[in-house]
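# Chains, contacts and geometry: an overview
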Amino acid sequence: MRSFSERSAMGRRLSGRFVAGMSVEEALRACEAVNREGIAVSLDSLGESVTVEAQARASAEIYHQLLDAIEARGLKANVSAKLTQMGMDFDPELAERIMGEIIVHAAAADSFVRVDMEGSELTEPTLRMV
């Protein structure tokens, strides 16, 4: 389904209302356009349930890029992340470290982080970590 929505013209038309872009730059341009309408934005890099540290770190890097751009461009925006995207499924301590780094970065950029609630089996672990 993801491949269809990312690579086909019909999929991009259907998902375009909900997905601001396939790259950080596309998402930032969409954020700027919405900000011009007076609306604040929450940016989320799609993905969850990573299985190795390298994937978790790569996911985190996208959030650091977004936070740098929010600050540099003066955007009215924040980020929203999933704990499983940061490794909670296989290493909760890693996920907590990565999210801590993102939160510190967000505070320095005068922004903040929303933590997405995922499946019901993750409710308690998510609340404990937050």
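What comes next is a walk through the structure. This is a predicted model, so every value here is computed, not measured. (Residues numbered from 1 in each chain as written. Predicted model: local features only at pLDDT ≥ 70, side-chain atom pairs only at ≥ 80, totals over all residues. Heavy atoms only, no water.)

Helix and strand counts for the protein come out as six helices and three strands. Starting at the N terminus and ending at the C terminus, the protein contains elements arranged as α-α-α-β-α-β-α-β-α. Counting all 130 residues of the protein, 37% fall into the buried class. For the protein, the exposed area adds up to about 7700 Å²; of that, 54% sits on carbon and sulfur atoms. (Helix = DSSP H or I, 4+ residues; strand = E, 2+ residues; numbered from the N terminus. Buried < 20%, exposed > 50% of the residue type's maximum accessible area, 1.4 Å probe, protein only. Areas by Shrake-Rupley, 256 points an atom, 1.4 Å probe, with all protein chains shown as cover.)

Glancing now at the packing of helix 4 (residues 53-73) against helix 5 (residues 92-108). Two numbers describe a pair of packed helices, the interaxial angle and the distance between the axes. Here helix 4 crosses helix 5 at 10 degrees, and the two axes come no closer than 9 Å. Between helix 4 and helix 5, the angle falls in the class roughly parallel. Of the residues in helix 5, those in contact with Glu 53, Ala 56, Arg 57, Ala 60, Tyr 63, His 64, Leu 67, Asp 68 and Glu 71 of helix 4 are Leu 94, Arg 97, Ile 98, Glu 101, Ile 102, His 105, Ala 106 and Ala 108. (Axes fitted to C-alpha atoms, helices over the stretch in contact; angles between N-to-C directions. Parallel < 35°, antiparallel > 145°, perpendicular 65-115°, else oblique. Contact = heavy atoms within 4.5 Å.)

Where strand 2 (residues 77-82) and strand 3 (residues 113-116) come together, four bridges link them in parallel fashion. Bridging across to strand 3, Lys 82 finds its partner in Asp 116. (Pairing = 2+ DSSP bridges.)

Most peptide bonds take the trans form, and the phi angle of most residues other than glycine is negative. With a phi close to 50 degrees, Ser 49 is a non-glycine residue in the positive phi region. One can find Ser 49 in the loop between strand 1 (41-43) and helix 4. Judged by its relative accessible area of 38%, Ser 49 falls in the partly exposed class. Within the chain, Asp 110 stands out as a residue other than glycine whose phi angle is a positive 60 degrees.

Within the secondary structure, Asp 116 is located in strand 3. By relative accessible area, Asp 116 is classed as buried at 17%. Within polar-contact distance, the side chain of Asp 116 engages the side chain of Ser 80 at 2.2 Å. When sequence neighbours within four positions are dropped, the list of residues in contact with Asp 116 reads Asp 44, Ser 80, Ala 81, Lys 82 and Thr 126. (Polar contact = N/O pair within 3.5 Å; in protein donor to acceptor, adjacent residues only side chain to side chain.)

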